[in-house]
Amino acid sequence: MKYASNAVLALSRAFYGKRLTNEDYNAMLHCRTVGEIAQYLRLKTPYGEEIAQSGMTSFQARGLEELVSKHRFASFESLCRYEMAIGSAFYRYFILRDEIDQIERATLLLLGGNKEIYLERVNSFLDKHLSIDLFALGRANSLEEIAVSLQKTAYGVLYDACLRAPKVDYLTFEQAFEAFFSKQIKALCKQCFSGGERQALLELIARTRDCQLIERVWRAKRFYPASADLCADLAKPDSDLLTLFSDRERKALSAASSVEEVKALLQKSAYRRWFDPKSEKSIEFQLEQSLFRHCEKQIRFSSYPSVVMFCYLQLSRIETNNLVRIIEGVKFGVAPQVIEQNLII
């Protein structure tokens, strides 16, 4: 069991060792077309296998983005095989996260009147690995039809409960599903790990969740300062919530009347060094950069296989986002220096 666990650690670091370098990013930033980026990825990087197997000779931006995502998922599958071999169910974290992300996205697009965008962005390889039917989500013409598509999954009862809520909007679904996710992940960590490893992993997961929480509060206070109910759920004590914020801090964030007040509160929290209130960079970019640096440190120095694996998958997600930004930037003729300013490297 110990040696198998160490295999997860070693494989995660091996995958991390094959990450894109600054030289790779610089080369792709100066490509003139999406096809040139694909050619570079095929010949010079670990993404070459997926591109070669695709059999494509000409590339559109969306097709190349799917192949990039497929490479990341292939790494995840390799790690999952080791996880299952040692009897650990923690790989379920990433399945749950993907499934909930897809449900929330389909709901948001439907409520916003943009449901057709969902099917345009469905990854067929991802659909094969999840318990939910992504194409059924995309074909749904109402929230009730989404509920029907989820009926035989672990999310059916929860979605139905959201439909019966006094106020049915996207926030209702997001809060319910994120609370469900936190509860499931806490139970999963308790099932799979103990002692220092469990504590280290829960802290790392809490940091990723808090980045999302801060972004939500920031947007709410900046764009909808009069809508106090957008963050009302933060004021409620919740023992299942994965966060480094205390109940008092969450209540204060919920009650904040402006972004300036949010800044002041964050400056006294565990994230005071994670962003610079005077920086020209967005809060989202700064938090992602800080999470990137934190995971870089942990993947090098942590002795816990689960922490190293989690860090690798976070870093690979950021790398995928970087590639998507480059592909989209080149597609629309954005200057290389502008694209580079939006990369986490």
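Everything quoted here is computed from the prediction, not taken from an experiment.

## Some points on the overall build of the protein
- Broken down by element type, the protein carries 18 helices and 0 strands.
- Taking 345 residues into account, the globule formula puts the C-alpha radius of gyration at 20 Å, and the protein, at 21 Å, falls close to it.
- Overall size of the protein, expressed as C-alpha extent along the three principal axes, is 55 × 50 × 50 Å.
- In the protein, which comprises 345 residues, the share counted as buried stands at 48%.
- Put simply, 63% of the contacts in the protein that link residues at least 6 apart link residues at least 24 apart.

## Looking at the packing of helix α6 (residues 92-111) against helix α12 (residues 170-192)
- Contact geometry of α6 with α12 gives a least axis separation of 10 Å together with a crossing angle of 175°. Between α6 and α12, the angle is such that the two are roughly antiparallel. Between α6 and α12, the contacting residues are R92, Y93, L96, R97, I100, I103, E104, T107, L108 and L111 on the first element and Y170, F173, E174, F177, E178, F180, F181, Q184, I185 and L188 on the second.
- Grouping the amino acids of the contact of α6 with α12 by side-chain chemistry returns 13 nonpolar, 2 polar and 5 charged.

## Some points on the environment of P277
- Within the secondary structure, P277 is located in the loop between α15 (259-266) and α16 (283-301).
- The class of P277 is partly exposed, set by a relative accessible area of 27%.
- As for P277 and A264, which are separated by 13 residues in sequence, their C-alpha atoms are 8.9 Å apart.
- Those residues within four positions of P277 in sequence are excluded, and the remaining contacts are K263 and Q267.

## Focus on helix α11 (residues 156-163)
- Of the positions making up α11, those classed as buried are G156, L158, Y159 and C162. The arc that holds the buried residues of α11, viewed along the axis, is 165°, so those residues lie on one side.
- Packed against the buried residues of α11 are α6, α10 (143-149) and α12.

## Observations regarding the environment of F310
- Topologically, F310 is positioned in helix α17 (residues 305-331).
- Taking relative accessible area as the criterion, F310 reaches 0% and is therefore assigned buried.
- Each C-alpha atom, one on F310 and one on K281, is 26 Å from the other, the two residues being 29 residues apart in sequence.
- When residues no more than four places from it in sequence are discounted, the contact partners of F310 are F90, Y93, F94, L201, L204, I205 and T208.

Reading guide: rules and limits
Here the residue numbering is sequential within each chain, running from 1 through the sequence in written order. Whole-chain, interface and lining totals are the exception, using all residues; otherwise, since this is a predicted model, local features are given only for residues with pLDDT of at least 70 and side-chain atom pairs are given and counted only at 80 or more. Side-chain measures here rest on the full set of heavy atoms in the structure, leaving out hydrogens and waters. In this description a helix means any DSSP run of H or I spanning at least four residues, a strand means any run of E spanning at least two, and both kinds are numbered starting from the N terminus. C-alpha atoms define the radius of gyration, and 2.2 Å times the number of residues to the power 0.38 defines the globule rule. Whether a residue is buried, partly exposed or exposed follows from its accessible area with a 1.4 Å probe, protein chains only, as a fraction of its type maximum: under 20%, in between, or over 50%, in that order. Whether two residues are in contact is decided by their heavy atoms, any of which lying within 4.5 Å being enough. Each axis is a line fitted through C-alpha atoms, and for a helix only the stretch in contact is used; angles between axes span 0 to 180 degrees, taken between their N-to-C directions. Note that the term roughly parallel is reserved for angles under 35 degrees, roughly antiparallel for angles over 145, roughly perpendicular for angles of 65 to 115, and oblique for everything else. In this classification, Asp, Glu, Lys and Arg are treated as charged, Ala, Val, Leu, Ile, Met, Phe, Trp, Tyr, Cys and Pro as nonpolar, and every other residue, Gly included, as polar. This arc is built from the directions going out from the helix axis to the C-beta atoms.

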